[in-house]
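Notes for the structure review
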Amino acid sequence: MNDNVLISVNNVKKYYNNGKIKALDGVSADIKKGEVVVVIGPSGSGKSTFLRCLNLLEVPTDGHILFEGVDITDPKTNINLHRRKMGMVFQQFNLFPHMTILKNMTLAPMKLLKKPKEEAEAQALQLLKRVGLEDRANAYPSQLSGGQKQRIAIVRALCMNPDVMLFDEPTSALDPEMVGEVLDVMKQLADEGMTMVVVTHEMGFAKEVGSRVIFMDGGKIIEENTPEELFGNPQSERLKGFLAKVL
Amino acid sequence: MGPGPSELWNSIAPQWMLELPEGLHDFIYTLYKCFIYDDRYMMYIKGLGNTLTLTFFSLLVGIVLGVLVSIVRVSWDKHGQEMRNPVARFFFRIANAICKIYLTVIRGTPVVVQLMIIFFGIMATSNNKVLAGTIAFGINSGAYVAELIRSGIMSIDGGQMEAGRSLGLGYVQSMRYIILPQAFKNILPALANEFIVLIKETAVAGYVGLADLTYAGSIVAGNSYTYFVPMLGVAAIYLIIVMFFTWLVGKLERRLRASER
Ligand SMILES: Nc1ncnc2c1ncn2[C@@H]1O[C@H](COP(=O)(O)OP(=O)(O)O)[C@@H](O)[C@H]1O
Ligand SMILES: [Mg+2]
């Protein structure tokens, strides 16, 4: 196996209702270090399921996923240890509403990495500064706008110093005027070399930031290519039809 | 034996009281006999003390039991199918079955009967009645608190657990730091209500000779051959305590709502 591969997905299947629903129907893909892989496709095509399998929020029905060379689909693997290295950002932000922003960001580093409070807070403040929200450290999530919440969710994940960041439609729940501020943070992250897997409907982001685009439909990867090729020269009818609708 | 109530009353009552119309005088004398003679008010105070102690510690036991039972139930119902560790799976399957039996039995039988079973059966050797009562009412209350907490946990958005797990926190850690604090905040008013319900439920403690408020009233009633007035007194005390706690709960609810924004 190539050392450059961070996550290797091998023929992964995810069935629901005893196989009546095939959310993932045999998906294989490699995510290499430093890549920004953008996943697109119609609603219900399995994008979220694919992403959530990568950190085992969904346990695949079949197939294997290797993260940094370890088979995380093996029941004997302690998934909690590997999830520390995989940040995830959700469509609905999922900030902890009973904690201040600072507590949201320092909880996991303090409990899991046993960082002293001062160190964890210093790191959190540093990250907050990067996204221009250092003055909201002691606010509660309910006091923030959607765009601010999502930026906090991103830096909360970054507090664990992950090796890869997974994004599931991070801008879909935002008012249009707030989409840009979140995409800017993601671009900045990509420029710094973070490995990212991004499920999104923002085709502009895919073209500008993506190193590779995966098009999914019906639980399968239909096409994958560089953004230029995938958008400029789609091969399958399904991708052509999809692009005609979204572009 | 000291002097009887009527002797003592005649010697200490001011003259003008003795000269009141007969009905009014008798009423005042009854009050004297039921609450003051022989320091009988102390019996009510001690009884009330026992009632509040019993209620408070029973609720504590109930909350501890309730947290454990509800976590087992929720974990099994929500995550049992995807548990990958066979030991954990086996443990939760057994624990869940035990919890279900506990909930069914406790909620399906009268608390007085449970109290007597624990007293005369299981705890027959203990002579600490308040301790035994606390265990009995705690076990009873735990079943109701468990369902309360379970509904509190179920009301928390699933994304909260996922966010915790995606950071690498374990299931138990996510429960402890993320889910339970929010669930408790949501059910705090209902939990305070459970306290109020329990104050009244412990009134059956006298069945096993635990000297709670109701029992104190009935002892005074037996000694003074007057049932009506001591029981009115007991009812008034319960009512005042319950109204006080109801007022506190209302204040708490308004506070929580204000902090939500
Ligand atoms: N927990 C579930 N139970 C049953 N079906 C599910 C579940 N999660 C997803 N699915 C189904 O799997 C398919 C893929 O879903 P998803 O991965 O969420 O798609 P996408 O993110 O591309 O919109 C859909 O048909 C969806 O209804
Ligand atoms: Mg989705």
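Since this is a predicted model, take the numbers as computed values, not measurements.

Once that is clear, we can look at helix α8 (residues 158-166) of chain B. Most of α8(B) sits inside the fold, with 7 of its 9 residues counted as buried. Inspection of α8(B) places B:G159, B:Q160, B:M161, B:A163, B:G164, B:R165 and B:S166 among the buried residues, and these make up the whole buried set. Residues of α8(B) that are buried in the fold lie against α2 (79-83), β6 (86-89) and α5 (146-158) of chain A together with α9 (171-201) of chain B. In this structure B:D157 caps α8(B), since a side-chain oxygen of it lies 2.8 Å from the backbone nitrogen of B:G159. One or two steps after α8(B), the chain reaches B:G168, where phi turns positive at roughly 105 degrees.

Moving on to α5(A). The terminal C-alpha atoms of α5(A), which comprises 13 residues, lie 19 Å apart, in line with the 18 Å expected from a rise of 1.5 Å per residue. Of all 13 residues in α5(A), 12 are buried; the element is thus mostly enclosed. When α5(A) is considered as a whole, its buried residues turn out to be A:G146, A:G147, A:Q148, A:Q150, A:R151, A:I152, A:A153, A:I154, A:V155, A:R156, A:A157 and A:L158. In the core, the buried residues of α5(A) are packed alongside β6, α3 (101-112), α4 (117-130), β7 (164-168) and α6 (176-191) of chain A together with α8 of chain B.

What follows concerns the packing of aromatic side chains. Residue and element names in this part refer to chain B. One pass over the structure, following the stated rule, counts 11 aromatic pairs over all chains. Ring centres 5.2 Å apart and planes at 85 degrees place the aromatic pair F56 and F57 in the edge-to-face group. By relative accessible area, F56 is classed as partly exposed at 44%. Aromatic ring contacts, followed pair by pair, group W9, Y29, Y32 and Y37 into a single cluster.

Applying the stated criterion across every chain, the model contains 17 salt bridges over all chains. Across the pair A:E181 and A:R151 runs a salt bridge, and its minimum N-O distance is 2.9 Å. Remark: A:R151 occurs in helix α5 and A:E181 occurs in helix α6; sequence separation between them is 30 residues. Residue A:E181 is classed as partly exposed on the basis of its relative accessible area, which comes to 25%. Through salt bridges with shared partners, one network takes in B:R73, B:D77, B:R107, B:E147 and B:R150.

Attention shifts here to the site of ligand 1. Residue and element names in this part refer to chain A. Close to ligand 1 lie Y16, I21, A23, P42, S43, G44, S45, G46, K47, S48 and T49. One of the side-chain N or O atoms of K47 is found 2.9 Å from an oxygen atom in ligand 1. About the coverage of ligand 1: the protein hides 62% of its 560 Å² of free accessible area. Here the shell around ligand 1 takes 3 residues from helix α1 (residues 47-54), the largest share from any one element.

Calculation criteria
Throughout this document, residue positions are counted from 1 along each chain, in the order its sequence is written. Chains carry letters and ligands carry numbers; both start at the beginning, A for chains and 1 for ligands, and go up in the order they are written. Where totals are concerned, whole chains, interfaces and linings use all residues; where local detail is concerned, this predicted model gives features only for residues with pLDDT of at least 70, and gives and counts side-chain atom pairs only at 80 or more. The basis for every side-chain value is the complete set of non-hydrogen atoms in the structure, without hydrogens or water. Each residue is placed in one exposure class: buried if its accessible area under a 1.4 Å probe, protein chains only, is under 20% of its type's maximum, exposed if it is over 50%, and partly exposed if it falls in between. Per the convention used, a helix needs a DSSP run of H or I reaching at least four residues, while a strand needs a run of E reaching at least two, with both numbered from the N terminus. Residues count as neighbours in contact if any of their non-hydrogen atoms are within 4.5 Å of one another. In protein, a polar contact requires one atom able to donate a hydrogen and another able to accept it; more generally it is a pair of N or O atoms within 3.5 Å, and residues adjacent in sequence count only if both atoms are side-chain atoms. Expected helix span is computed as 1.5 Å times (number of residues minus one). Between the rings of Phe, Tyr and Trp (Trp by its six-membered ring), a pair exists once the centres lie within 6.5 Å; its type follows the angle of the planes, with under 30 degrees stacked, over 60 edge-to-face, and the other angles tilted. Salt bridge, as used here, is a side-chain nitrogen of Lys or Arg placed within 4 Å of a carboxyl oxygen of Asp or Glu. Nearness of a residue to a molecule or strand requires only that one of the residue's heavy atoms be within 4 Å of it. All accessible-area figures derive from a Shrake-Rupley calculation using a 1.4 Å probe, and residue coverage is judged against the displayed protein chains alone.

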